[in-house]
Amino acid sequence: MAQPVTNQAMGYALGNMTEHAKAITERITEHEDAVLLFFMLLGAQIVLFMQAGFAMLEVGLVGHKNAKSILFKNLLDMCVGAICWWCVGFGLAGAGASGQAGHDFGINSNGSLSYTNSIFYIHSLSFAATTCTIMSGGVAERMRLEMYIACAVILVSLVYPIVIGWGWDSGQWLCGGGFVDFAGSCLVHLTGGICALLGAALLGPRRHRFLPDGTANKFKENSVLLAVLGCLILTFCWISFNASSTLAADYDNMALSVHAVVNTVLAMASATLSTVVFDQVFNDGVNDIFETCNGLLGGLVAVTAGCAFMSNWAALVVGVISSIVTKKSAEFMLYMKIDDPLDAFSVHGANGILATLYVGLAARPDLIEQHYAFDYHPKGHWGLFYGGSSGSLILIQLQGVLAVSVFVAVAMSTWILLVTSLSAALRSSRAKKKEDDDAPSARAVAAGTEVAGATGLLGMVRSNLRMSSEAELVGADYVHHGGSAFELTKAQIKMHNEMRNAQDRLARRGKVKAERKASLKANGSRVAAGESKAEEAKGMQTGGAFTVPVRKTSPGTTPTDTPAPAV
């Protein structure tokens, strides 16, 4: 006969079940945390690989005499950025740095970041390094290395952390007011684009970039192969750039991440194809590889802010618009005589503005609800394309664009003025101590005489930011890195000369054929006119000229006017 279950036994069994359920719950939580760590770590690694893409893109598009310099700066971007971000930037950004807890500075009393914030440091560092590298494209081939490092330090340590704190920390005014920038079109790309624009304007154009009549002189790319390789690497990494910005790995957020990736690919494709079509229609069918790559990258920037919160059709539309924005922005930069070697502002800055404002038009009500700061959004806070929108989203997006642009421009300008003033004072002091002939010229440069078309304060800033005219002429590779990265052997030089000679011969032959064809066409017209006159004369004798037959000669000799002998 079975023994009755006592209350004590029942309580013991329930207690065991509760403990088991608790243990299972803790195990599930640990697995979820592990998946999140892996997701963010993998995303950070892929985004850091964007440095390789930027390096290949820049090396492919700048002159061969500055290839090593570009590679060196890209290496320093990541290294200097890692130290500065660990010391100050990460802690200053707060929750804006990939959602870290508190304000964790590497230079605290322990000399180490907290264990739980380490993953947020790695992930946010990859975005900070991207911002810094965008700046390098606008100042390529003419900025002094020490000045570039000084700008990179302040950008990563102070300017960028403040900007992402505003936009990604729900406790600060911009994000708390409803600002939406999913993966950084405004906070990352516009910030880097403004720095590139400012640097390009202060440095002045490269030598011979603009002809005396004001037209732009197109420079030969160093390697189209490297440029396209860099563009494709950036495309691959961009998928992780946007996908990992959910900062969560549960089912809902992973589904949102996949939706963001689909929109990213669609915008990239539509922007690239639109650029190709525009070239076919408006550029006499000539598809420029440089413009095609910029169109592709511009499409990626244009969708990054709202890729998780818009429909697929909206991603296609913004890609088409971005191709126009990229082209017209680059043309306007040339019109203003601003030399941006990689069109960094046109690709990242102009499209960053487009992307941020486009969120205020195309953000879907059902998708914007998944934004992590949705609880702070006012009623009707979605795109104007959908009914019931209050318009509050487009207004806060506009505020964000203006605030980021003005703050970055003022902060970086102030810093550049400070460091160039210190540099001018130091160079002037050194010149005074020397008794050689170079002292007067050094003092003149420090005082701000005409340098690259600028005088006064701008001349002082430009002379201390920019490489010397001699160093710029021979290239930074020869001055700082022991020679060009693309030294040619005697055999390669010989083959190159033979190829150029063959090209010249083909060009001459083509010119001769064109002239001969035009001459034959003109002669045919005159013959036809003569026959018409003969018919009108109706058999009357006229004083027409006698045509002397031309003797055929071998190719390469001059035809003779002597009549052919009778057979």
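Calculation rules
Residues numbered from 1 in each chain as written. Predicted model: local features only at pLDDT ≥ 70, side-chain atom pairs only at ≥ 80, totals over all residues. Heavy atoms only, no water. Disulfide = S-S within 2.5 Å. Buried < 20%, exposed > 50% of the residue type's maximum accessible area, 1.4 Å probe, protein only. Patch = residues over 30% accessible without salt bridge, like charges linked within 9 Å, V, L, I, M, F, W, Y side chains within 5 Å. Areas by Shrake-Rupley, 256 points an atom, 1.4 Å probe, with all protein chains shown as cover. Salt bridge = Lys/Arg side-chain N within 4 Å of Asp/Glu carboxyl O. Lys, Arg positive; Asp, Glu negative; His and termini not counted. Charge placed at Lys NZ, Arg CZ, Asp CG, Glu CD. Helix = DSSP H or I, 4+ residues; strand = E, 2+ residues; numbered from the N terminus. Polar contact = N/O pair within 3.5 Å; in protein donor to acceptor, adjacent residues only side chain to side chain. Contact = heavy atoms within 4.5 Å. Phe/Tyr/Trp six-rings, centres within 6.5 Å; stacked < 30°, edge-to-face > 60°.

Q: Just give me the short version of the state of the cysteines, but keep the residues and values in it.
A: Considering all chains together, one arrives at 0 disulfides under this definition. No disulfide involves Cys84; its sulfur sits 6.7 Å from the nearest other cysteine sulfur, which is in Cys87. Accessibility expressed as a relative area gives 12% for Cys84, which makes it buried.

Q: Can you break down a positive patch on the surface residue by residue, with the values?
A: Together, Arg505, Arg508, Arg509, Lys513 and Arg516 make up a region of like positive charge exposed at the surface. Structurally, Arg508 can be placed in helix H19 (residues 490–537).

Q: How would you summarise the pattern of salt bridges if you had to cite specific residues and measurements?
A: Counted by the stated rule, this structure contains 11 salt bridges. Across the pair Glu146 and Arg144 runs a salt bridge, and its minimum N-O distance is 2.4 Å. According to the relative accessible area criterion, Glu146 is partly exposed, its value standing at 43%. Owing to a relative accessible area of 17%, Arg144 belongs among the buried residues under this scheme. A salt bridge links Arg364 to Asp366; the shortest N-O distance between them is 2.6 Å. On the accessibility criterion, Asp366 (40% relative accessible area) is partly exposed. One connected set of salt bridges, linked through shared partners, spans Glu141, Arg206, Arg209 and Asp339.

Q: Can you explain the side chain of Ser270? Please cite residues and give values.
A: Residue placement: Ser270 occurs in helix H9 (residues 251–282). Within polar-contact distance, the side chain of Ser270 engages the backbone oxygen of Leu316 at 3.1 Å. With near-sequence residues (within four places) excluded, Ser270 lies in contact with Ala315, Leu316, Gly319 and Val320.

Q: Hey, could you go over the environment of Ala97 for me, with residue numbers and the actual values?
A: Positionally, Ala97 belongs in the loop between helix H3 (67–93) and helix H4 (118–138). Each C-alpha atom, one on Ala97 and one on Leu125, is 8.3 Å from the other, the two residues being 28 residues apart in sequence. Once you skip the residues sitting within four places of it in the chain, Ala97 turns out to touch Trp85, Phe90, Phe120, Ser124 and Ile164.

Q: Could you give an account of the packing of aromatic side chains, naming the residues involved and the relevant values?
A: Taken as a whole and assessed by the stated rule, the structure comprises 13 aromatic pairs. Taking 5.1 Å as the distance between ring centres and 55 degrees as the angle between the ring planes, the aromatic pair formed by Trp166 and Phe407 counts as tilted. Here Phe407 lies in helix H14 (residues 392–433) and Trp166 lies in helix H5 (residues 145–168), a separation of 241 residues in the sequence. Take Trp166: its relative accessible area is 16%, and that puts it in the buried class. For the ring pair Phe182 and Phe309, a centre distance of 5.6 Å and an interplane angle of 85 degrees mean the geometry is edge-to-face. Separated by 127 residues along the polypeptide, Phe182 in the loop between helix H6 (173–176) and helix H7 (185–203) and Phe309 in the loop between helix H10 (289–304) and helix H11 (312–335) bring together distant segments of the chain.

Q: Could you give me a rundown of the environment of Gly111, with the residues and numbers involved?
A: In this structure, Gly111 sits in the loop between H3 and H4. With 24 residues separating them along the chain, Gly111 and Cys87 place their C-alpha atoms 9.1 Å apart. Those residues within four positions of Gly111 in sequence are excluded, and the remaining contacts are Trp86 and Gly106.

Everything listed here is a matter of geometry and, on its own, says nothing about what the molecule does.
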